[in-house]
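# Close look at the chain arrangement
Listed here are the chains, written in short residue letters.
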Amino acid sequence: MKNLKKLFCFTAVFFGVSLATNMNCFATEAKPMDLSNWSSVILAKDRQGPVDPNWKLDDTKTSVTQTLHSKATAFISDVDCINTIIEGSFSVDTLDDDDFIGFVFGYKDVGHYYLFDWKQAGGYDNIFGDSGKQGMSVKVVNTDSAVNEADLWSTSGSENKIKLLYHNNIAYDHKTLYHFALTYTDKGEINIVVKEGTKVIDDITITDKTYQSGKFGFYNFSQEMVTYTGFTIKEIAPVQIIGNRALLVITMVTGERKEYEMTMDEINDFITWYNSKAASGPAYMIEKDYNKASFTSRKDYLAYEQISNFEVNEYNK
């Protein structure tokens, strides 16, 4: 385990829309998350040596630090987090160690949840050998038996307890800001995007229907002084297609509201672009066919990152 200092920014996104289906949704406003009623959970209790975790809330109750080189642990939300967007940041405020950080989702209990973990370096450990590999992993924990620390440390998972769904060998750098986006739907679609600035480090897409709801939590295994802070939650509501036209009302991050009368095909195209996190381009063009005067055309270009939320008001015409 080598010395390091790490800084991360985390965005967890639980969408009520699928990247692979035709369900359409829009987002409400983001609200700060109060961590007061979140709870510390030890995920494996088979070894007596490691200390119990110490999740320390700050005075604002919006930031928490796991201060110790502890057993595998999660800090679990007090409500189910499905069909919502969760955003925030975390940092490792020490020069020591290179072990596991990440998050859990779809959490039911210590034997049933999804796990995203990221290890800075592999190598040989005196307790677990070389089973913990460098890189990001997505796993599904699904067992009624006790989970051991060795089960969680192993990148390949463990027979009949933990199944590996995805792994890469990408290491995180020291003193580097990373952005995370987790898409988790009640239809079994999981998408995790990791960015450094605007550069996509990895884009992970998995389909798994083991858990279609559950709680979210911060994950930590043998890595001290990790602070998670500034988290917000934003609900995602489905758009039910009823009429053949709609008024699209977009609220920008500046508070400005923009309104566009569109066909449902145009609405669906916009929602597809928005739900893909602007995969087809950083801006969406809407052509306005009113008040053109002497202009041959009028177009608005909407930047994805400048959109706070939108609503769709349908009608027949």
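Because the structure is predicted, anything quoted here is derived from the model rather than measured. (Residues numbered from 1 in each chain as written. Predicted model: local features only at pLDDT ≥ 70, side-chain atom pairs only at ≥ 80, totals over all residues. Heavy atoms only, no water.)

### Points about the environment of Val138
Summarising the element assignment, Val138 is placed in strand 11 (residues 135-142). In this structure Val138 comes out as buried when scored by relative accessible area, which is 0%. Sequence separation of Val138 and Leu115 is 23 residues, and the distance between their C-alpha atoms is 5.6 Å. Those residues in contact with Val138 that lie beyond four places of it in its chain are Leu115, Phe116, Lys163, Leu164, Leu165, Tyr166, Ile192, Ile204 and Ile206. (Helix = DSSP H or I, 4+ residues; strand = E, 2+ residues; numbered from the N terminus. Buried < 20%, exposed > 50% of the residue type's maximum accessible area, 1.4 Å probe, protein only. Contact = heavy atoms within 4.5 Å.)

### Digging into the sheet that holds strand 10 (residues 112-119)
Strand pairing in a sheet relies on backbone hydrogen bonds, with the paired strands running either antiparallel or parallel. Here eight strands make up an open sheet; going across it, the order is 4-7-17-9-10-11-13-12 and the pairing antiparallel. Two strands in the sheet have a free side with no partner beyond their single neighbour: strand 4 (39-42) and strand 12 (157-158). Pairing of strand 12 with strand 13 (residues 162-167) involves two bridges; the strand directions are antiparallel. Looking across to strand 13, one finds that Gly157 is bridged to Lys163. (Pairing = 2+ DSSP bridges.)

### Digging into the nonpolar core
In this structure, Phe116, Trp118, Ile192 and Phe218 are the most contacted members of the largest nonpolar core, which totals 37 residues. Sequence-distant contacts of Phe116, defined by excluding residues within four places in its chain, comprise Ile101, Gly102, Phe103, Met136, Ser137, Val138, Phe180, Ile192 and Ile204. (Core = buried A, V, L, I, M, F, W, Y, C linked by side-chain atoms within 4.5 Å.)

### Quick word on the layout of surface pockets
Here the second largest pocket is characterised by a volume of approximately 270 Å³. Along the wall of the second largest pocket there are 13 residues; nearest its centre are Glu261, Met262, Glu266, Glu287 and Asp289. Of all the secondary structure elements, the ones that give two or more residues to the lining of the second largest pocket are strand 20 (257-263) and strand 21 (283-288). For the lining of the second largest pocket, the element with the most residues is strand 21, which contributes five residues. Of the residues in the lining of the second largest pocket, the class split is six nonpolar, one polar and six charged. (1 Å grid on protein atoms, 1.4 Å probe; cavity = no way out; pocket = protein on both sides within 12 Å on 5 of 7 lines; lining within 4 Å. Points joined across faces, edges and corners; volume = space filled by probe spheres on them. Nonpolar A, V, L, I, M, F, W, Y, C, P; charged D, E, K, R; others polar.)

### Digging into helix 2 (residues 264-275)
With twelve residues, helix 2 extends 16 Å from end C-alpha to end C-alpha; this agrees with the ideal 16 Å at 1.5 Å per step. Within helix 2, the full set of buried residues consists of Met264, Ile267, Phe270, Ile271, Trp273, Tyr274 and Asn275. Looking one or two residues past helix 2, Lys277 carries a phi angle of roughly 55°, positive in sign. (Expected span 1.5 Å × (residues − 1).)

### Notes on the sheet that holds strand 15 (residues 189-196)
Taken in spatial order, the three strands line up as 14-15-16 in an open sheet, and their pairing is antiparallel. With one partner strand each, in any of the chains shown, strand 14 (179-184) and strand 16 (199-207) form the two edges of the open sheet. Pairwise comparison of adjacent strand axes, ignoring direction, gives a mean angle of 10° for this sheet. Strand direction decides the pairing type here: strand 14 and strand 15, joined by six bridges, are antiparallel. Bridging from a neighbouring strand, Leu182 pairs with Ile192 of strand 15. (Axes fitted to C-alpha atoms, helices over the stretch in contact; angles between N-to-C directions.)

Read these as geometric descriptors, not functional statements.
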